[in-house]
Amino acid sequence: MQLLEWVVALTGLVWHTQGSPTPSLEQSTNFVQWIISHLCLAIYNVFFHPLRNYPGPKLDAATGLVYVYHMVRGNSCKYLAGLHEKYGEVVRAGPNEISYMTVSANKTIFGNKTTEKMSFEKNPAVYIQGEGTAQNILFASTGEHPRFKKLMSPAFSEQAIKEQEPTIQQYTSMMIDALRNNRSGEACYPDANGIANIGAWCNFLIFDILSCLSFGKPIGCLQMADYHEWANVIFGAMKHSHFLQCAHRLKPYHRLLEKLIPGDISGPYETHMQNVRKNLRERETMENLARADFASFIPKGMSEDELLDNVNILATAGSETTATTLSSLFYYLTHNPDSYQKLVDEVRSTFSSEEEITFNAVASLKYLKAVIQETFRIHPSVPVGLHRITPKAGSYIDGKWVPGGVSTSHDPPMRHAADTCTDLGVSCPPRSLQITEVLEAAGGFPSRAVAGGPGICFGQSSDLGTFLHWPKKMHWNQVSPVSWPGWESFADQIPTQFGVSEYAVDRGPTAVEL
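Nothing here was measured: the structure is a model prediction, and the numbers come from that model.

**Some details on the sheet that holds strand β1 (residues 90-94)**
Taken together, five strands build an open sheet; the order of strands is β1-β2-β8-β5-β3 and the sheet is mixed. One side of each edge strand has no neighbouring strand; the edge strands of this open sheet are β1 and β3 (121-122). Note that β1 and strand β2 (residues 97-100) share four bridges and pair antiparallel. When the bridges of β2 are listed, Gly 94 appears paired with Glu 97. Across the sheet, helix α6 (residues 103-110) lies against β2, β5 (388-389) and β8 (407-410), angled at about 125° from β8, the strand it touches most.

**Notes on the pattern of salt bridges**
In this structure the tally under the stated criterion is six salt bridges. Arg 255 is the partner of Glu 258 in a salt bridge, and the nearest nitrogen-oxygen pair spans 3.0 Å. Of this pair, Glu 258 and Arg 255 both sit in helix α12 (residues 254-259), three residues apart, which is roughly one turn of that helix. A salt bridge links Lys 278 to Glu 282, with the nearest nitrogen and oxygen atoms 2.9 Å apart. One end of the pair is Lys 278 and the other is Glu 282, both in helix α13 (residues 263-284) and four residues apart, which spans about a single turn. Judged by its relative accessible area of 47%, Lys 278 is partly exposed.

**Re the side chain of Glu 258**
Residue classification places Glu 258 among the buried positions, given a relative accessible area of 18%. If near-sequence neighbours (up to four positions away) are discounted, Glu 258 is found in contact with Leu 244, Ala 247 and His 248.

**What about unusual backbone geometry?**
With glycine set apart, most residues show a phi of negative sign, and most peptide bonds adopt trans. With an omega of 15°, the peptide bond running from Lys 251 to Pro 252 counts as cis. Checked against the element boundaries, Pro 252 lands in the loop between α11 (229-248) and α12. Phi at Ala 225 is positive, roughly 55°, even though this residue is not glycine. When you line up the elements, Ala 225 lands in the loop between α10 (221-224) and α11. Unlike most non-glycine residues, Asp 398 shows phi in positive territory, near 55°. By the element assignment, Asp 398 lies in the loop between β6 (395-397) and β7 (400-402).

**Topic: the packing of aromatic side chains**
In this structure the tally under the stated criterion is nine aromatic pairs. Relative to Trp 230, the ring of Phe 215 lies with its centre 5.4 Å away and its plane at 35°, an arrangement referred to as tilted. Taken together, the residues span a long stretch of sequence, with Phe 215 in helix α9 (residues 198-215) and Trp 230 in helix α11 at a distance of 15 residues. For Trp 230, a relative accessible area of 7% corresponds to the buried category. Where Tyr 227 meets Phe 235, the ring centres are 6.0 Å apart and the plane angle is 75°; that geometry is what we call edge-to-face. Over the ring of Phe 148 we find Arg 147, and its NZ or CZ is 4.7 Å from the ring centre.

**Focus on the pairing of β1**
By the criterion of burial, β1 is predominantly enclosed, with five of the five residues buried. Count of turn residues in the β1/β2 antiparallel hairpin: two residues.

**Structural notes on helix α7 (residues 145-152)**
Along α7, the residues that are buried comprise His 145, Phe 148, Leu 151 and Met 152. Projected down its long axis, α7 carries its buried residues within an arc of 135°, all on one side.

**What about a nonpolar patch on the surface?**
A contiguous nonpolar patch, built from Phe 31, Trp 34, Ile 35, Leu 39 and Tyr 253 and spanning about 450 Å² of accessible area, is present on the exposed surface. Turning to its location among the elements, Leu 39 is positioned in helix α2 (residues 25-47). With relative accessibility at 53%, the residue Leu 39 sits in the exposed group.

**What about the confidence of the model for the chain?**
For the chain, per-residue confidence averages 74 on the pLDDT scale, and residues scoring 70 or more make up 69% of the total. Contacts of residues 1-20 to residues separated by more than four positions or lying in other chains number 13 contacts, the stretch itself having pLDDT below 50. Low pLDDT (under 50) marks residues 414-425, which in the prediction has 25 contacts with non-local residues, meaning those over four places away or in another chain.

**Considerations on the environment of Leu 257**
Tracing the backbone shows Leu 257 in helix α12. Sequence separation between Leu 257 and Cys 246 is 11 residues, and the spatial gap between their C-alpha atoms is 8.7 Å. Setting aside residues no more than four positions away along its own chain, Leu 257 makes contact with Ala 247 and Leu 250.

**Comments concerning the pairing of β8**
Burial of the side chains of β8 extends over both faces: Ser 407 and Ser 409 are buried on one face and Thr 408 and His 410 on the other. Pairing of β5 with β8 involves two bridges; the strand directions are antiparallel. Bridge pairing in β8 links Ile 389 to Ser 407.

Reading the values: the criteria
Residues numbered from 1 in each chain as written. Predicted model: local features only at pLDDT ≥ 70, side-chain atom pairs only at ≥ 80, totals over all residues. Heavy atoms only, no water. Pairing = 2+ DSSP bridges. Helix = DSSP H or I, 4+ residues; strand = E, 2+ residues; numbered from the N terminus. Contact = heavy atoms within 4.5 Å. Axes fitted to C-alpha atoms, helices over the stretch in contact; angles between N-to-C directions. Salt bridge = Lys/Arg side-chain N within 4 Å of Asp/Glu carboxyl O. Buried < 20%, exposed > 50% of the residue type's maximum accessible area, 1.4 Å probe, protein only. Phe/Tyr/Trp six-rings, centres within 6.5 Å; stacked < 30°, edge-to-face > 60°. Lys NZ or Arg CZ within 6 Å of the ring centre and 35° of its normal. Arc of directions from axis to C-beta. Patch = residues over 30% accessible without salt bridge, like charges linked within 9 Å, V, L, I, M, F, W, Y side chains within 5 Å. Areas by Shrake-Rupley, 256 points an atom, 1.4 Å probe, with all protein chains shown as cover. pLDDT = per-residue confidence, 0-100.

In structure tokens form, the structure reads like this:
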């Protein structure tokens, strides 16, 4: 009782020092009961929860605040990687969350299931945007996903990609011409020394391609040789989704926490959706619209809101991830000149002219595919695991029973175990030529840059076309990768695109010299 009276007195003192009326005994008692209930919940999570025997820090097991803290700081992926290094292949990363790094767990969580009841649903606290009512193929449940996939798959069919190739060819050539002619926007791409930040140009290229395929016209980054205002808004919208996830990880307080997200973070998302709606409506009035754009392949069957949501996903989820992967590819080639030269030799020995470089023609370029696969492995464009919830009946993962309703993930940095390959932090394309055969023989598969199983990303074929086409044209034109002068010191000054360092590439800017 003395402890209760002390807490009540302390609460009254805090209220008084803040200029508020001293709370009543009943108000203070309710506050103390709230504190005690959360302490009891923390004790339960650590000592009595069904996941109590899984390895991991006790504080993480007690409360989700620890992981959310690292999310806000922007280092949650590095934090989780550190937990795996300390505790092993399976880690309890939260009160009701387990992170895996084994190939078998990846197949169990994301593999095809015989019935919907056995499927691992997407974690609604992670797959969220806006008001949390989004209906699109990325966030859809197992039951809804097939409908969206059936409606949208024609946009990524072989025929669609064949019709989209001229658009990708056109904008790739525009970018190379702009770089060759030293086109420079207000932000100086390239700079006074003729050196271009290829990371920025990757974004220019992808934003123009995807905006053209989504809305029938490019947003004009390549023309300006600079970021369009809308591109910056998209980065802000992604940042908003990140903080929205932080809030929803702390239910039942998520609605309150959503209101605490600053306006400069939530504002870009609203502006972005207004831009998507406006451009979709303008697309409907265009004459001589190219048949190759995404919306033209999506038949009737979606509501206006669903079409808006799904085109938004195609334009945003595919843009930053593709641009990040291309930028990372050039970064590792910059720091591995032998690999760069092998790739140049493969491209120039295969083609006698730039006109021969087409999607179909590059299917046999094994070293280029190895470079892309190694980029996926060493620097996944999505730096966090794709979270799934265990089915209500529970499931065995790695031979151990996991109860229903538990959040599970397979962390990207862990997708190649130490007993599978060595020097994980070093890019080595020849390794990817061999790793695929080794893992397939062992019943596994290489690291994935996209979702697998029933929720597999059907947009990967279009992305792969861009991955294959753009680097080979760059290397045909003998782009010389160089390290930006003083990039080591400049690396610490790079502003993160999303405002959280988790999403920033942990490196200096990759540069090219033409």
